[in-house]
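Chain by chain, the residues:
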Amino acid sequence: MAYINDTYLDLQGSYLFAEVQRRVSAFKTQCPEASLIRMGIGDVTKPLVPVVIEAMHRAVDEMADSNTFRGYGPEQGYDFLVQQILRSEYQSKGISLEPSEIFVSDGCKSDMGNIGDILSDKNIVAVTDPVYPVYVDTNVMAGRAGSIQANGFWSKLVYLPCNAENGFVPELPKEHVDVMYLCFPNNPTGTTLTRGQLKVFVDYALKNNVLILFDAAYEAFISESDVPRSIYEIEGAQECAIEFRSFSKSAGFTGIRCGYTVVPKKVCAYSRSGKKEPLQALWNRRQTTKFNGVSYVTQRAAEAALSDEGKRQTSEQVAYYMEHAKLIRSTLEGLGWQVFGGVNAPYVWFKAPEGLRSWDFFDRMLREIHVIATPGVGFGPSGEGYLRLTAFADTKSTQEAMARVAQWKR
Ligand SMILES: *Cc1c(COP(=O)(O)O)cnc(C)c1O
């Protein structure tokens with residue numbers, strides 16, 4: 001008889017987007033002529049930039065010729081891409097890493113989910129709240145989350161609330177933790193930490209032997225100079241942090257699939273017998289066993305995205321989305337609402353006026369102006385009373401949605 005991994009039965013249904021869809025469909029049946037604008041999109045909408053397309057075409061032609069055809073590549077990624085990452089993303093910022101500390105993958109979500117393979121199920125895990133659901137669900141699957149409580153919190157996870165009261169800067173955990181997920185610029189709130197604020201977490205991690213898992217998926221959207229683009233800009237982070245990066249949002253690779261994870265050799269965790277073990281070696285072992293690398297064509301595409309011309313072209317796309325974020329921010333602020341994010345990230349997070357709850361305000365926006373937001377409470381209990389709008393819709397839709405918000409007679 002085969003037995004299942006019971007932790008999968010503990011998982012909560014992906015309630016948020018299913019419930020959004022259910023309410024939208026119900027409204028459409030009632031009001032078929034309403035023109036709905038989706039401002040909850042979490043996916044890029046612009047096509048790949050020309051240099052990336054050219055690189056991919058060239059790579060396909062190489063695969064069509066027996067002299068240049070490639071089969072299995074290195075599980076950790078081709079050297080041409082690893083070197084390009086080191087040069088354009090780290091050396092340029094004065095950060096020194098070795099090629100063997102970079103692991104190319106099919107995206108940041110897989111790596112953030114899989115990293116738990118090399119960590120004990122005894123670890124006490126901290127997450128910010130609201131949170132990207134992947135961190136929570138993968139810890140439920142690993143049996144590290146305990147059981148779900150009536151208030152929506154998992155019994156064994158430590159939650160670090162981020163809200164208007166603390167300026168979306170989480171406090172350090174009051175209880176013991178072993179592993180901490182940080183995502184800055186943040187999804188869903190769009191807020192960031194300054195170098196000084198992130199240093200507090202790095203210092204804490206070094207002092208308390210905590211492992212930081214740092215999600216830098218939105219690094220390309222940073223516009224302010226005191227916001228770090230990599231956690232390794234902070235002294236000591238190469239001893240306590242793993243960094244996850246993605247080409248998804250920065251270069252429109254959500255459908256192509258490519259990311260990379262940085263595991264510095266100095267980052268260690270402890271074995272059962274109390275011995276310090278470098279995580280780079282374990283991650284290498286995990287990847288070479290369970291992963292067979294990213295396609296050659298994709299890695300050439302990623303290399304092109306990081307070239308000087310690729311950076312120029314992709315930064316135009318980022319600027320296009322960030323124009324939308326600016327318009328969303330200024331429209332909501334103009335109404336006197338409390339608005340956060342949208343300066344270093346493609347997400348604007350705002351407080352529902354008049355103290356309304358997330359879902360109640362979601363329903364009013366849907367019914368009265370036909371604009372679809374995402375209820376903040378869907379990202380965790382501390383998101384109650386907030387909503388998220390994204391900058392990924394096209395310009396015309398974004399302008400039309402904001403015109404409706406501005407003229408809304410509530
Ligand atoms: C979109 C996103 C990612 C990127 O995931 P990929 O698997 O690389 O597409 C990672 N983290 C967060 C918080 C995201 O929103």
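Scroll up a little and you will see the structure.
Okay, so let's go over this structure.

Conventions used here
Residues numbered from 1 in each chain as written. Predicted model: local features only at pLDDT ≥ 70, side-chain atom pairs only at ≥ 80, totals over all residues. Heavy atoms only, no water. Pairing = 2+ DSSP bridges. Helix = DSSP H or I, 4+ residues; strand = E, 2+ residues; numbered from the N terminus. Axes fitted to C-alpha atoms, helices over the stretch in contact; angles between N-to-C directions. Left-handed = near helix turned anticlockwise from the far one by under 90°. Contact = heavy atoms within 4.5 Å. Nonpolar A, V, L, I, M, F, W, Y, C, P; charged D, E, K, R; others polar. Polar contact = N/O pair within 3.5 Å; in protein donor to acceptor, adjacent residues only side chain to side chain. 1 Å grid on protein atoms, 1.4 Å probe; cavity = no way out; pocket = protein on both sides within 12 Å on 5 of 7 lines; lining within 4 Å. Points joined across faces, edges and corners; volume = space filled by probe spheres on them. Expected span 1.5 Å × (residues − 1). Buried < 20%, exposed > 50% of the residue type's maximum accessible area, 1.4 Å probe, protein only. Arc of directions from axis to C-beta. Near = heavy atom within 4 Å. Areas by Shrake-Rupley, 256 points an atom, 1.4 Å probe, with all protein chains shown as cover.

What follows concerns the sheet that holds strand E11 (residues 339-341). Whether parallel or antiparallel, the strands of a sheet pair through hydrogen bonds between backbone atoms. Taken in spatial order, the 4 strands make up an open sheet running E11-E12-E15-E14, and their pairing is antiparallel. The open sheet has two free edges, formed respectively by E11 and strand E14 (374-375), since each of these has just one partner strand. Bridge count between E14 and strand E15 (residues 386-390): 2 bridges; the pairing is antiparallel. Bridge pairing in E15 places threonine 374 opposite arginine 388.

Before going further, it helps to spend a moment on the packing of helix H2 (residues 15-30) against helix H12 (residues 358-369). Two elements in contact, H2 and H12, have axes separated by 11 Å at closest approach and are oriented at 35°. Along this stretch, H2 crosses H12, giving a crossing that reads as right-handed. Across the interface between the two elements, Tyr15, Leu16, Glu19, Val20, Arg23, Val24 and Phe27 of H2 pack against Trp359, Phe362, Asp363, Leu366 and Arg367 of H12. The residue inventory of the contact of H2 with H12, partitioned by class, reads 8 nonpolar, no polar and 4 charged.

Once that is clear, we can look at the side chain of glutamate 89. Its location among the elements puts glutamate 89 in helix H4 (residues 79-90). In this structure the side chain of glutamate 89 is engaged in a polar contact, spanning 3.2 Å, whose partner is the side chain of serine 88. Among residues more than four places away in sequence, those in contact with glutamate 89 are Gln84, Glu219, Arg245, Tyr260, Leu306 and Lys311.

Turning to the layout of surface pockets, a few remarks are in order. Each pocket or cavity is described by its volume, and for the largest pocket that value is around 1,300 Å³. Tyr132, Pro133, Val134, Gly378 and Phe379 are the residues nearest the centre of the largest pocket, which is lined by 42 residues in total. Breaking the lining of the largest pocket down by element, the ones donating at least two residues are H2, helix H5 (108-114), helix H6 (133-141) and helix H8 (248-251). Class assignment of the residues belonging to the lining of the largest pocket gives a composition of 21 nonpolar, 14 polar and 7 charged.

A few words now on the sheet that holds strand E7 (residues 241-246). Read from one edge to the other, the open sheet built from 7 strands follows the order E2-E8-E7-E6-E5-E3-E4, with strand pairing classed as mixed. The sheet is open, and its two borders are formed by strand E2 (102-105) and strand E4 (158-161), each paired with just one other strand. Strand-to-strand twist in this sheet, taken as the mean axis angle between neighbours without regard to direction, amounts to 20°. Summarising the sheet, strand E3 (residues 125-129) and E4 pair through 4 bridges and their orientation is parallel.

Let us now look at H2. The end-to-end C-alpha distance of H2, which contains 16 residues, comes to 22 Å, matching closely the 22 Å that a straight helix rising 1.5 Å per residue would cover. Taken residue by residue, H2 has Leu16, Glu19, Val20, Arg23, Val24 and Phe27 as its buried positions. Projected down its long axis, H2 carries its buried residues within an arc of 135°, all on one side. The inward-facing, buried residues of H2 abut strand E1 (37-38), H12, strand E13 (371-372) and E14.

With that settled, consider the site of the ligand. Taken together, 14 residues sit near the ligand, with Tyr218, Ser246, Ser248, Lys249 and Arg257 positioned nearest. Contacts to the ligand include cysteine 108, whose backbone N or O atom sits 2.7 Å from an oxygen atom. Within the side chain of tyrosine 218, an N or O atom sits 2.6 Å from an oxygen atom of the ligand. Protein contacts shield 93% of the accessible area of the ligand, which totals 390 Å² for the unbound molecule.

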